[in-house]
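# Coordinate analysis (summary)
This is what each chain is made of:
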Amino acid sequence: MVQLKAKIIYNKKFKGDYWHCIIDAPLIAKKSIPGQFVNIKLSDTLEPFLRRPFSIHRIGSPAKGNFLPKTIEILYKIIGQGTEILSGRKKGEYLDIIGPLGNGFDYTRTHEHTNTRTILVAGGMGVAPLVFLSEKIKAKAKVALIGARTKAQVLCEKEFKNSGCDVKIATDDGSAGFKGKVTELLRQVLLTNSRTHELTNYIYACGPKPMLKAVAGIAKKYRVSAQISLEEHMACGIGACLGCVVKTKTGYKRACKDGPVFEAQDII
Ligand SMILES: Cc1cc2nc3c(=O)[nH]c(=O)nc-3n(C[C@H](O)[C@H](O)[C@H](O)COP(=O)(O)OP(=O)(O)OC[C@H]3O[C@@H](n4cnc5c(N)ncnc54)[C@H](O)[C@@H]3O)c2cc1C
Ligand code: FES
């Protein structure tokens, strides 16, 4: 983990209320693994006082031919004061960043066996860490299930496809893909897979709490290993304030330090 002032090299609207920011931070980029996050001080004043956490969406910028992990990318949605301020920060300005933080996904076990199917389940902004994971993971088959309210809010379809995923979409209003919850799509995928048994499934999920709860329930029913990334409210982001504790089967854990990724069946 390092704290540094890093230069913004790109910060533009991605889609609707969603923004994409690329930051020059080689010291963080080279140490980052999928599922980790950075804690950013968004302004030079005391407002907002607390840093804001954002998942590392990608490192480097392969699409632009830069294969060195020099930059970190974040994808964010404007929901309040901090993210509003971030959207106003310009190329060439500096951000005070701490990272990489948290444990990240344990995705090496899918590398140990060739007969694995990775199922990525993303709800809304939950796509952010899963694109990075999808680019890193090796598996015989990769499926990305993207859930959103409407077609206009479906994020990163192209990025998941480019990383070799079979992409399926679920929207609440049916304007794209399956009409209904992304967890219903997950149930369908697992049901189909359970009839063939040819591949071992691993689920990695990020999204709103009700979605993660449903993912945990479905994973348990189908006896599939699942890791979920929790987006708890955070203050310090480094394990010192206990502002982000979650109850697990082995006691209270800090989402920022012991997580944000947990085995789904460990969370109470
Ligand atoms: C580990 C982690 C990774 C994250 N990754 C991303 C990411 O990649 N992209 C992204 O857009 N956001 C991400 N978030 C959420 C992001 O940190 C918040 O959106 C941000 O802090 C909001 O700041 P704000 O000042 O704009 O809003 P605030 O004014 O602080 O809050 C606006 C409203 O949103 C609610 N809110 C704030 N933070 C959260 C939260 N963490 N969970 C649920 N509700 C919240 C507040 O209660 C309030 O109602 C992540 C959070 C965590 C903990
Ligand atoms: S945010 Fe302070 S301990 Fe997690």
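What counts and how
Residues numbered from 1 in each chain as written. Chains lettered and ligands numbered in written order. Predicted model: local features only at pLDDT ≥ 70, side-chain atom pairs only at ≥ 80, totals over all residues. Heavy atoms only, no water. Helix = DSSP H or I, 4+ residues; strand = E, 2+ residues; numbered from the N terminus. Rg over C-alpha atoms; globule rule 2.2 N^0.38 Å. Buried < 20%, exposed > 50% of the residue type's maximum accessible area, 1.4 Å probe, protein only. Areas by Shrake-Rupley, 256 points an atom, 1.4 Å probe, with all protein chains shown as cover. Salt bridge = Lys/Arg side-chain N within 4 Å of Asp/Glu carboxyl O. Contact = heavy atoms within 4.5 Å. Expected span 1.5 Å × (residues − 1). Core = buried A, V, L, I, M, F, W, Y, C linked by side-chain atoms within 4.5 Å. UniProt positions renumbered as here; feature names shortened; annotations may be inferred. Domains from an automatic or database assignment. Buried area = accessible area lost by both parts, 1.4 Å probe. Polar contact = N/O pair within 3.5 Å; in protein donor to acceptor, adjacent residues only side chain to side chain. Nonpolar A, V, L, I, M, F, W, Y, C, P; charged D, E, K, R; others polar.

Let's shift gears to the overall build of the protein chain. Broken down by element type, the protein chain carries seven helices and 16 strands. In terms of C-alpha radius of gyration, the protein chain reaches 18 Å, essentially the compact-globule figure of 18 Å for 268 residues. Expressed as a percentage of the 268 residues in the protein chain, the buried residues total 51%. A total of about 12900 Å² of accessible surface is found on the protein chain, and carbon and sulfur atoms cover 55% of it.

Pairs can form between side chains of opposite charge once their charged atoms are near each other. All chains considered together, the criterion is met by ten salt bridges. A salt bridge links Glu 93 to Arg 89; the shortest N-O distance between them is 2.6 Å. Lys 161 is the salt-bridge partner of Glu 157, the closest N and O atoms lying 3.3 Å from each other. Here Glu 157 pairs with Lys 161, and both are found in helix α5 (residues 157-162), just four residues apart, close to one helical turn. Relative accessible area serves as the criterion here: at 31%, Glu 157 is assigned to the partly exposed category. Residue Lys 161 is classed as partly exposed on the basis of its relative accessible area of 47%.

Before going further, it helps to spend a moment on the environment of Gln 265. Inspection of the secondary structure puts Gln 265 in the segment after β16 (261-263). Between the C-alpha atoms of Gln 265 and Val 246, which are 19 residues apart in sequence, the distance is 13 Å. Gln 265 has contacts with Ala 216, Ala 219, Lys 220 and Lys 249, leaving out every residue within four places of it along the chain.

Between its terminal C-alpha atoms helix α6 (residues 182-196) stretches 22 Å, which fits the 21 Å expected from 15 residues at 1.5 Å a residue. Those residues of α6 that are buried lie in contact with β8 (116-123), β9 (141-148), β10 (166-171), β11 (178-179), β12 (200-206) and α7 (209-221).

So, on to the nonpolar core. One finds Val 127, Leu 130, Leu 133, Phe 160 and Tyr 204 to be the most contacted residues of the largest nonpolar core, which totals 28 residues. Contributions of two or more residues to this core are made by β8, α4 (127-136), β9, β10 and β12. Here this core gets five residues from one element, more than from any other, and that element is α4. Among the nonpolar cores identified, the runner-up in size contains 26 residues, and Ala 205, Ile 218, Val 224 and Ala 264 belong to it.

Right, let's get into the UniProt feature "binding site: [2Fe-2S] cluster" (unreviewed entry) in the protein chain. UniProt's feature table lists "binding site: [2Fe-2S] cluster" (unreviewed entry) at Cys 236, Cys 241, Cys 244 and Cys 256, given in the numbering used throughout. For this annotated set, covering 21 residues, all C-alpha atoms fall within 10.1 Å of each other, a compact arrangement in space. Summarising the element assignment, Cys 241 is placed in the loop between β13 (225-229) and β14 (245-248). Other than its neighbours up to four places away in sequence, Cys 241 contacts Ala 235 and Cys 236. Mapped onto the elements, Cys 244 comes out in the loop between β13 and β14. Look at Cys 244 and you get buried, because its relative accessible area is 4%. Those residues in contact with Cys 244 that lie beyond four places of it in its chain are Glu 232, His 233, Met 234, Lys 253, Arg 254, Ala 255 and Cys 256.

Here the focus is the domain arrangement of the protein chain. Each assigned domain of the protein chain is listed here: domain 1 (2-101) and domain 2 (109-266). The distance between the C-alpha centroids of domain 1 and domain 2 comes to 22 Å. With 21 residues of domain 1 at the contact, the number on the domain 2 side is 25 residues. Roughly 2000 Å² of surface becomes buried between domain 1 and domain 2 when both sides are summed, with 67% attributable to carbon and sulfur atoms. Per-residue buried area on domain 1 facing domain 2 is highest for Tyr 18, Pro 34 and His 57; these three make up 27% of the total on that side. Taken together, domain 1 and domain 2 are joined by one salt bridge. Inspection of the region where domain 1 meets domain 2 yields five residue pairs in polar contact (both at pLDDT 80 or more). At the level of elements, β1 (2-15), β3 (37-41), β4 (52-55), β5 (58-59), β6 (71-77) and β7 (94-101) are the ones that each hand at least two residues to the side of domain 1 that touches domain 2. Each residue belonging to the side of domain 1 that touches domain 2 can be placed in one class, and the counts come to 13 nonpolar, five polar and three charged.

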